[in-house]
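Below are the chains, spelled out letter by letter.
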Amino acid sequence: MDVNGTVAEGFEPVRDAFARNFEVFGERGAAVAVYRDGRKVVDLWGGTHDLDGTAPWRHGTAQVVRSATKGVAAAVPLMLHQRGDLDLDAPVAEYWPEFKARGKERVLVRQVLNHRAGLPVLDRPITPEQALDPARGPEAVAAQAPVWEPGTDHGYHALTYGWMLDELVRRVTGRRTGEWIAAEIAAPLDLELWLGLPEAEEAAGRTGRVGRIETPEPTAGGTGPRMRPKRSVTEAYDDPASLTRRAFAAITPFPDQNDPAYRAVALPATNGIATADGLARFYAALIGAVDGVPALFTPGTLAAARAEESAGPDRVLVVGTRFGLGFMLHGSASPFLGPGSFGHPGRGGSLGFADPETGVAFGYVTNGFRKTVTADPRAQALLRAVRAAL
């Protein structure tokens, strides 16, 4: 496999790990970028632009990053709070009166971000066509009753997170999350990152086709990947009545992620599109200045973003998870670089995070999605190499 790009001195192990992912884990096309103290130290790409194609992945190839979108979207309410425009401890209904129906009048903005709102499912899922209408998801959540008492427990809001966040941002600013990110974050930082892919970028063919790839069998010597989830997790995903299945089925059937119409809308839980550099540069900007642009977060906002808000058994993912305000935190279910790291994985592979203690920001995107939800072995191999380089 030809690996393209550059690494700074000392980060050569990341190049080796990236190349090995193609050999051992069946990688088809991917990119990884790492910043340290606002300076890019890793910028690598390889493989094919499309999962099912032969054209090469080029510098600037972007991909759907699934739930890694959640971390990018989380910056918006936190920055609005930082500016004094949004109170994290106010009821959601203070900004969105229709939301208070069916016992939700006391759900707080904070509980939307820390996955404690009790609203991970829709009793009446919406269709892919309805999901293209930005009003339909929020309307469905507003009509939904909580499945546990808000604030008393946590469970991953796989799709509903995005609709609640998006409507809050719209009610406060008059703009939807994707528009706000484009103007307030992506433009100043020159990020290759979109929540709602512009027509010009679609026409330019920036985004590759994604799809499912299978996990290779362990090698005879026992050095291959071992990816067997616990029986309880497997059963939860297999049971149509479980919170797990219902949470991921809030849109039924799930949209075609290669459909231009799907990529053109902004679903802040699932369909952000980014290059590896765009994702890493975003996280670098959360924790420090990048190319003369001041850090997006003040020290107080950064501390709040990664302070533990939820921890322990997750009622949806059926593993132990840790959340701050919109961000996953380092833990056994989703290991990042260290205890102070915060970010978000995307189901099937992608990952973005920052580690303020080391000044590291990381972005990994791929066109090959696995069954993994939080800790993909390809991203983890790259993380181990970054850790070794520090």
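So, here is what we can say about the structure in this document. From a predicted model like this one, the values you see are computed outputs, not experimental measurements. By convention here, each chain's residues receive numbers from 1 onward along its written sequence. Restriction of local features to residues with pLDDT of at least 70 applies here, the model being predicted, together with a cutoff of 80 or more for giving and counting side-chain atom pairs; totals for whole chains, interfaces and linings are based on all residues. With hydrogens and water stripped out, all remaining heavy atoms of the structure feed into the side-chain values.

### Some thoughts on the nonpolar core
- Counting 76 residues, the largest nonpolar core has W163, I185, F282, Y283, L286, F297 and F327 as its most contacted members.
- If we skip the residues at most four places from it in the chain, F327 touches G71, A74, A75, L78, Y283, L286, F297, A305, R322, F342 and G343.
- Residues V3, A158, L317 and A389 belong to the second largest nonpolar core, which totals 41 residues. Nonpolar cores are built from buried Ala, Val, Leu, Ile, Met, Phe, Trp, Tyr and Cys residues. Side-chain atoms within 4.5 Å join them into one set. The cut-offs for exposure are 20% and 50% of the maximum accessible area for each residue type, with area from a 1.4 Å probe on protein chains only; residues under the lower value are buried, those over the upper are exposed, and the others partly exposed. In what follows, residue pairs with any heavy atoms lying within 4.5 Å of each other are defined as contacts.

### Considerations on the packing of helix α2 (residues 68-82) against helix α13 (residues 276-287)
- Two numbers describe how α2 lies on α13: the axes approach to 11 Å, and their chain directions differ by 35 degrees. Every pair of crossing elements has a handedness; the one defined by α2 and α13 is left-handed. In this structure, α2 uses A68, G71, V72 and A75 to contact α13, whose residues at the interface are L279, F282, Y283 and L286.
- Split into classes, the residues belonging to the contact of α2 with α13 amount to seven nonpolar, one polar and no charged. The convention used is that axes are lines fitted to C-alpha atoms, helices contributing only their stretch in contact, and that angles between N-to-C directions extend from 0 to 180 degrees. What counts as a helix is a DSSP run of H or I of at least four residues, what counts as a strand is a run of E of at least two, and both are numbered from the N terminus. Crossing handedness: left-handed means the near helix sits turned counterclockwise from the far one by under a right angle, and right-handed means the same turn made clockwise. Residue polarity follows a fixed list, in which Ala, Val, Leu, Ile, Met, Phe, Trp, Tyr, Cys and Pro are nonpolar, Asp, Glu, Lys and Arg are charged, and the others, Gly among them, are polar.

### Concerning the packing of α2 against helix α7 (residues 160-173)
- Between α2 and α7, the shortest axis-to-axis distance is 11 Å and the interhelical angle comes to 30 degrees. Relative to α7, the crossing made by α2 is left-handed. Residue-level contacts link K70, A73, A74, V76, P77 and L80 of α2 to Y161, L165, V169, V172 and T173 of α7.

### Quick look at empty space enclosed by the protein
- Only protein atoms enter the 1 Å grid used here, on which a cavity is any set of points holding a 1.4 Å probe that cannot leave and a pocket is any open set flanked by protein within 12 Å on both sides along at least five of seven lines; residues with an atom within 4 Å of a point are listed as lining. Grid points are joined across faces, edges and corners, and a volume is the space filled by probe spheres set on the points. Per the counting criterion, the structure on display carries six cavities of 30 Å³ or more.
- Each pocket or cavity is described by its volume, and for the largest cavity that value is around 80 Å³.
- In terms of lining residues, the largest cavity is bounded by A31, D43, W45, W57, R58, H59, G60, T61, E192, T275, A276 and D277.
- Looking at the lining of the largest cavity, the elements that each hand over two or more residues are β3 (39-47) and α13.
- Residue classes in the lining of the largest cavity are distributed as four nonpolar, four polar and four charged.
- Of the volumes computed, that of the second largest cavity is approximately 60 Å³.

### Looking at the packing of aromatic side chains
- Centres within 6.5 Å make a pair out of two Phe, Tyr or Trp rings, where for Trp the six-membered ring is used; the pair is then stacked when the planes are under 30 degrees apart, edge-to-face when over 60, and tilted otherwise. A complete count under the given rule lists 12 aromatic pairs for this structure.
- Their ring planes at 50 degrees and their centres at 6.3 Å tell us that Y156 and F248 sit as a pair that is tilted. Placement of Y156 in the loop between α6 (136-142) and α7 and of F248 in helix α11 (residues 243-248) is noted, with a sequence separation of 92 residues between them. The two residues Y156 and F248 agree in class, both being buried.
- Ring geometry for Y283 versus F342: centroids 6.2 Å apart, planes at 70 degrees, classification edge-to-face. Within this pair, whereas Y283 is found in helix α13, its partner F342 is found in strand β11 (residues 342-345), the two being separated by 59 residues in sequence. Like Y283, the residue F342 is buried in the burial classification.
- Connected via pairs of aromatic rings, a cluster forms that spans Y156, Y237, F248 and F323.
- Sitting over the ring of F248, R347 keeps its end group 4.3 Å from the ring centre. Either the NZ atom of lysine or the CZ atom of arginine qualifies as a charge over a ring when it sits within 6 Å of the ring centre and within 35 degrees of the ring normal.

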